[in-house]
Amino acid sequence: HEHLFSRDLTYLDPYEKNGRRLFWSRGNGWVMAGLVRILDRMPANSPLRAKYVLRLQQMAAAVAAVQGKDGLWRPGLLDPDSYPLPEISGSAFITYALAYCVNHHLLPAAKYQPVVHKAWAGMLTHVYADGRLGCIQPVGGAPAPLSQTSSYVYGVGAFLLAGSEIHSTAP
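Residues numbered from 1 in each chain as written. Predicted model: local features only at pLDDT ≥ 70, side-chain atom pairs only at ≥ 80, totals over all residues. Heavy atoms only, no water.

Asks: Which parts of the structure should I look at to understand unusual backbone geometry?
Replies: The phi torsion of most residues other than glycine is negative, and most of the peptide bonds are trans. At histidine 3, a residue that is not glycine, the phi angle is positive and equals roughly 60 degrees. With respect to the secondary-structure elements, histidine 3 resides in the segment before helix H1 (25–41). Its identity as a non-glycine residue notwithstanding, cysteine 135 has a phi of 65 degrees, on the positive side. Inspection of the secondary structure assignment puts cysteine 135 in the loop between helix H4 (109–124) and helix H5 (153–166). (Helix = DSSP H or I, 4+ residues; strand = E, 2+ residues; numbered from the N terminus.)

This is how it looks when you write it as structure tokens:
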């Protein structure tokens, strides 16, 4: 079990070129970001809390294991060789969730703080001289090619979310 999410039921069977299951970085980033937003608002004594924390911890371990050398994640999480460029929106949502979990003691800082810092440093290399954030996959429903110059508001929003969590003074 990969502890990652398929886009929907129609994506339970597709595979990447390398034979691994297809898991979209932005889709999994949305799930991780959604889970931390739920946990942030969920009462500490909720009987559902442990289930959400466990799911997030499992996903964190899965994405940390496939983080690129540049600190970022490719559009298809389990076949990085098929995607030469990183995907910033997925990377940013994942980074936001990991930083939240470290800040709120849901993940061990010693293991995940380096993952967060490496991701943030990688994302900063895609803020270009004109101030634009690039390497964001266009609107879609699955991993797809992108260009270094592609920039979209949802990627910028995820980047700002990650940065604000990294630099927060959470408990």
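Asks: Whenever I open this one, helix H3 (residues 88–103) confuses me. Can you help?
Replies: An α-helical turn contains 3.6 residues, so any two residues separated by three or four positions project in the same direction. Taking 1.5 Å per residue as the helical rise, H3 with its 16 residues ought to reach 22 Å, and the 22 Å between its terminal C-alpha atoms agrees with that figure. Burial analysis of H3 places 16 of its 16 residues in the buried class, which makes it a mostly covered element. Histidine 105, located one to two residues past H3, shows a positive phi value of around 60 degrees. (Expected span 1.5 Å × (residues − 1). Buried < 20%, exposed > 50% of the residue type's maximum accessible area, 1.4 Å probe, protein only.)

Asks: It is not clear to me how the packing of aromatic side chains should be interpreted in this structure. Could you clarify?
Replies: Describing an aromatic ring pair means giving the distance of the ring centres and the angle of the ring planes. Counted according to the given criterion, the structure contains three aromatic pairs. Taking the centre distance of 5.5 Å and the plane angle of 85 degrees together, the rings of tryptophan 24 and tryptophan 30 count as edge-to-face. Classification of tryptophan 30 by relative accessible area gives partly exposed; the value is 44%. Relative to tyrosine 154, the ring of tyrosine 152 has its centre 5.6 Å away and its plane inclined at 5 degrees; by these criteria the two rings are stacked. (Phe/Tyr/Trp six-rings, centres within 6.5 Å; stacked < 30°, edge-to-face > 60°.)

Asks: Looking at this model, I keep getting lost on the nonpolar core. Mind explaining?
Replies: Counting 47 residues, the largest nonpolar core has Met32, Trp73, Leu77, Leu98 and Met123 as the members making the most contacts within it. Only H1, helix H2 (49–65), H3, H4 and H5 provide two or more residues apiece to this core. Among the elements that line this core, the one with the most residues is H3, at eleven residues. When sequence neighbours within four positions are dropped, the list of residues in contact with methionine 32 reads Leu56, Met59, Ala60, Val63, Ile94, Ala97 and Leu98. (Core = buried A, V, L, I, M, F, W, Y, C linked by side-chain atoms within 4.5 Å. Contact = heavy atoms within 4.5 Å.)

Asks: I keep staring at empty space enclosed by the protein and nothing clicks. Help me out?
Replies: Gaps between atoms show up when a probe of the same size as a water molecule is rolled over them. Applying the stated criterion across every chain, the model contains one cavity of 30 Å³ or more. Of the pockets and cavities examined, the largest cavity occupies roughly 30 Å³. Taken together, Val66, Gly68, Leu72, Trp73, Arg74, Leu77 and Pro80 form the lining of the largest cavity. A per-class count over the lining of the largest cavity returns five nonpolar, one polar and one charged. (1 Å grid on protein atoms, 1.4 Å probe; cavity = no way out; pocket = protein on both sides within 12 Å on 5 of 7 lines; lining within 4 Å. Points joined across faces, edges and corners; volume = space filled by probe spheres on them. Nonpolar A, V, L, I, M, F, W, Y, C, P; charged D, E, K, R; others polar.)

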